[in-house]
Amino acid sequence: MANSFQVRDRFAAGAQYIGGQLRPGTSGRTQDVVNPATGEVVLSYALAGTADVDAAVAAARAAFPGWAGATPGERSDALLRFAAVLAERAGEFAYAESLQCGKPIKLSREFDVPGTVDNASFFAGAARHLQGQSAGEYSGDHTSYVRREAIGVVGSIAPWNYPLQMAAWKVLPAIAAGNTIVLKPAEITPLTSLMFAQAATEAGIPDGVVNIVSGLGAVAGEHLVGHPDVVMTSFTGSTPVGKRVAEVATATVKRIHLELGGKAPFLVFDDADLEAAVHGAVAGSLINTGQDCTAATRAYVQRPLYDAFVQGVADLMGTLRIGDPFDESTDIGPLISHAQRDRVAAFVDRARETARVVTGGEAPENDGAYYLPTLIADAAQDSEIVQAEIFGPVLVVLPFDSDDEGIALANDTPYGLASSAWTRDVFRANRATREIQAGCVWVNDHIPIISEMPHGGYKASGFGKDMSAYSFEEYTQVKHVMFDNTAVARKDWHRTIFGDR
Ligand code: NAD
């Protein structure tokens, strides 16, 4: 695909987007954005310092009254224009996302970008359906009703695995509900978050409603989370960092929304369609080179299908084309960085001591951050490779005997973000959907998401929802309004104060 713009020219003014303008960060430190397929530096930019976070929060604060005061119809119109600008710029977004992440271009073009456009369209509609409860005379003497209101300046922090979609998931429900936002993308992948904010401005969304600070987590991130003028923290990232974010946010009494790590089980019962399960496991574990919080990571296969499943997955993994993300035929790109590749390799090397690497388990020899699709068998349920989030192209497969055992194993990690059950038996499927403790259970598929449906975790995968109308529970507050209907000076309840005087 042709390079539709030059990254350095595009961000010559800086990689902070504050009050509708690009500007350089003032931390005194620079950060490289690296193409992980080649190791080439595509942009060096000045990182945000705390003064830049302060400026972004001030811009968001100044924009809040006007944006919160706009009618739902006005906000909806602006979001519809936003969706249209995103759609017009689809090629640029796909290019930049693949460049900074190493994603195969077909994934960026067919998943990340259309998902983002659809999210903008969804929230344009949803902006007009924000409702409180209808009015009623609950006390007899009063009319009560509930107002659903915006909360103020939201501070959001996003990871590097789906930078554009994470920006969309954070920004769109927040601004649809009338809030303004400061988003900190991962420092190694700021490009599409900045372009997303620029597209908002181009669509006519007022300056200051969407601001981006590109900075380090420990500097810009913590300052944003602890900022006294920020009323809510919405964080997507790893569970250890999420714990730190929760500590800092709690100290300043903020609303918190945490989308954390995952270790999704993939549960195959013995009546499953084996071909479907094998294809589902390979696609579900290797999407985005396995750097997906909902990726299938632990396949539990009922004993009668186990050997055929292991063979089928290993064979299919061996057919995938690994290579240049911009080659239309590439199925699997590199990991996000050489550091992440080495981290994944270290997990596999430690597992090798007690488990069996069926296929993969090595890095091809080239300059990119590549690692071969890897299948591991014979690991113990309590081993690191089964319990810890690896965030790479690694699937572990384990057998089970009874349905009870399969469901218990599926639930046996601290995480609870996503899961799937593979069966043609409606009773087994229904039981799995009831008993698996996760924010999503797919039946006979693994990965699809849709704007209308909530995404969020159970257990150590966090709390709160992205996407769907449920996300408004995070980004709005409800106010009880109570009108006296008696018009008398001495209310009946005053007896508790005045007695019979
Ligand atoms: P990470 O936790 O290392 O970083 C996430 C973000 O937090 C980055 O922007 C980082 O700069 C920032 N950060 C780091 N330290 C901080 C601090 N002390 N205070 C404030 N911010 C700080 O995660 P990552 O490596 O970028 O992304 C991978 C992780 O994200 C995985 O664990 C994955 O499961 C998770 N994830 C979860 C979801 C979900 O919806 N639950 C979606 C995508 C990714």
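This text gives an overview of the structure that appears in the document.

Reading the values: rules and limits
- Residues numbered from 1 in each chain as written.
- Predicted model: local features only at pLDDT ≥ 70, side-chain atom pairs only at ≥ 80, totals over all residues.
- Heavy atoms only, no water.
- 1 Å grid on protein atoms, 1.4 Å probe; cavity = no way out; pocket = protein on both sides within 12 Å on 5 of 7 lines; lining within 4 Å.
- Points joined across faces, edges and corners; volume = space filled by probe spheres on them.
- Helix = DSSP H or I, 4+ residues; strand = E, 2+ residues; numbered from the N terminus.
- Nonpolar A, V, L, I, M, F, W, Y, C, P; charged D, E, K, R; others polar.
- Domains from an automatic or database assignment.
- Pairing = 2+ DSSP bridges.
- Axes fitted to C-alpha atoms, helices over the stretch in contact; angles between N-to-C directions.
- Contact = heavy atoms within 4.5 Å.
- Buried < 20%, exposed > 50% of the residue type's maximum accessible area, 1.4 Å probe, protein only.
- Polar contact = N/O pair within 3.5 Å; in protein donor to acceptor, adjacent residues only side chain to side chain.
- Salt bridge = Lys/Arg side-chain N within 4 Å of Asp/Glu carboxyl O.
- Phe/Tyr/Trp six-rings, centres within 6.5 Å; stacked < 30°, edge-to-face > 60°.
- Disulfide = S-S within 2.5 Å.
- Near = heavy atom within 4 Å.
- Areas by Shrake-Rupley, 256 points an atom, 1.4 Å probe, with all protein chains shown as cover.

**What about empty space enclosed by the protein?**
For the coordinates displayed, the defined rule picks out five cavities of 30 Å³ or more. Space inside the largest cavity adds up to approximately 100 Å³. Phe-111, Tyr-162, Gln-165, Met-166, Trp-169, Asp-292, Cys-293, Thr-294, Ile-447, Ile-449 and His-455 together form the lining of the largest cavity. Ranked by residue count, the leading element in the lining of the largest cavity is helix H6 (residues 163-176), at three residues. Broken down by class, the residue content of the lining of the largest cavity amounts to seven nonpolar, three polar and one charged. By volume, the second largest cavity amounts to about 70 Å³.

**A look at the layout of surface pockets**
Vacant regions in the atomic arrangement are exposed by a probe of water-molecule size rolled over the atoms. Quantified by volume, the largest pocket comes out at close to 740 Å³. Surrounding the largest pocket, 35 residues form its lining, Trp-160, Phe-235, Gly-237, Ser-238 and Val-241 being those nearest its centre. Contributing elements (two or more residues each) for the lining of the largest pocket: helix H8 (217-226), strand S9 (232-236), helix H9 (239-251) and helix H12 (338-352). The element that contributes the greatest number of residues to the lining of the largest pocket is H9, accounting for six residues. Tallied by class, the residues present in the lining of the largest pocket amount to 19 nonpolar, ten polar and six charged. Inspection of the lining of the largest pocket shows a minimum of three residues originating in each of domain 1 (11-260 + 461-480) and domain 2 (264-443). The computed volume of the second largest pocket comes to approximately 480 Å³.

**Let's talk about the sheet that holds strand S13 (residues 356-359)**
Read from one edge of the open sheet, seven strands run S13-S14-S15-S12-S11-S17-S18, paired in mixed fashion. What marks the edges here is a single partner per strand, and that holds for S13 and strand S18 (441-443). Across this sheet, the average inter-strand angle for adjacent strands is 25°, counted without regard to direction. Across five bridges, the pairing between strand S11 (residues 264-268) and strand S12 (residues 296-302) is parallel. Residue pairing across strands places Val-268 opposite Val-301, the latter belonging to S12. Packed onto the sheet, helix H10 (residues 274-286) meets S11, S12, strand S15 (394-400) and strand S17 (419-422) and runs at close to 170° relative to S11.

**Observations regarding the environment of Glu-149**
Relative to the helices and strands, Glu-149 is located in strand S5 (residues 142-150). On the accessibility criterion, Glu-149 (16% relative accessible area) is buried. Separated by 231 residues in sequence, Glu-149 and Ala-380 have C-alpha atoms that sit 50 Å apart. With residues up to four places along the chain from it excluded, the contact list for Glu-149 reads Thr-476, Gln-477 and Lys-479. Side chain to side chain, Glu-149 and Arg-147 meet in a polar contact 2.6 Å long.

**Quick notes on the pattern of salt bridges**
What the rule picks out here adds up to 26 salt bridges. A salt bridge links Asp-466 to Lys-170; the shortest N-O distance between them is 3.5 Å. Remark: Lys-170 occurs in helix H6 and Asp-466 occurs in the loop between strand S20 (462-463) and helix H16 (472-475); sequence separation between them is 296 residues. Judged by its relative accessible area of 1%, Asp-466 is buried. By relative accessible area, Lys-170 is classed as buried at 0%.

**Focus on the packing of aromatic side chains**
In this structure the tally under the stated criterion is ten aromatic pairs. Seen in terms of ring centroids, Phe-123 and Phe-472 are 5.7 Å apart; in terms of plane orientation they differ by 75°. Their pairing is edge-to-face. Highlighted residues: Phe-123 in helix H5 (residues 105-126) and Phe-472 in helix H16, separated in sequence by 349 residues. Of the two residues, Phe-123 and Phe-472, both sit in the buried class. Between Phe-269 and Phe-400, the ring centres sit 5.9 Å apart and the planes meet at 85°, which makes this aromatic pair edge-to-face. Of this pair, Phe-269 sits in the loop between S11 and H10 while Phe-400 sits in strand S15, placing them 131 residues apart in sequence. Among the aromatic residues, those joined into a cluster by ring pairs are Phe-122, Phe-123 and Phe-472.

**Concerning the state of the cysteines**
Inspection of the entire model under this criterion finds zero disulfides. For the unlinked cysteine Cys-101, the closest cysteine sulfur is that of Cys-293, found at 14 Å.

**So, the site of the ligand**
The environment of the ligand is formed by 28 residues, the closest being Ala-158, Ser-238, Leu-260, Glu-389 and His-455. Contact distances for the ligand include 2.9 Å between an oxygen atom and a side-chain N or O atom of Lys-184. Within the side chain of Ser-238, a nitrogen or oxygen atom sits 2.6 Å from an oxygen atom of the ligand. In isolation the ligand offers 850 Å² of accessible surface; the protein chains occlude 89% of this area. For the shell around the ligand, the elements supplying multiple residues, two or more each, are H8, S9 and H9. Across the shell around the ligand, the residue classes break down as 13 nonpolar, nine polar and six charged. Looking at which domains feed residues into the shell around the ligand, each of domain 1 (11-260 + 461-480) and domain 2 (264-443) supplies at least three.

These results come straight from atomic positions and should not be treated as a statement about function.
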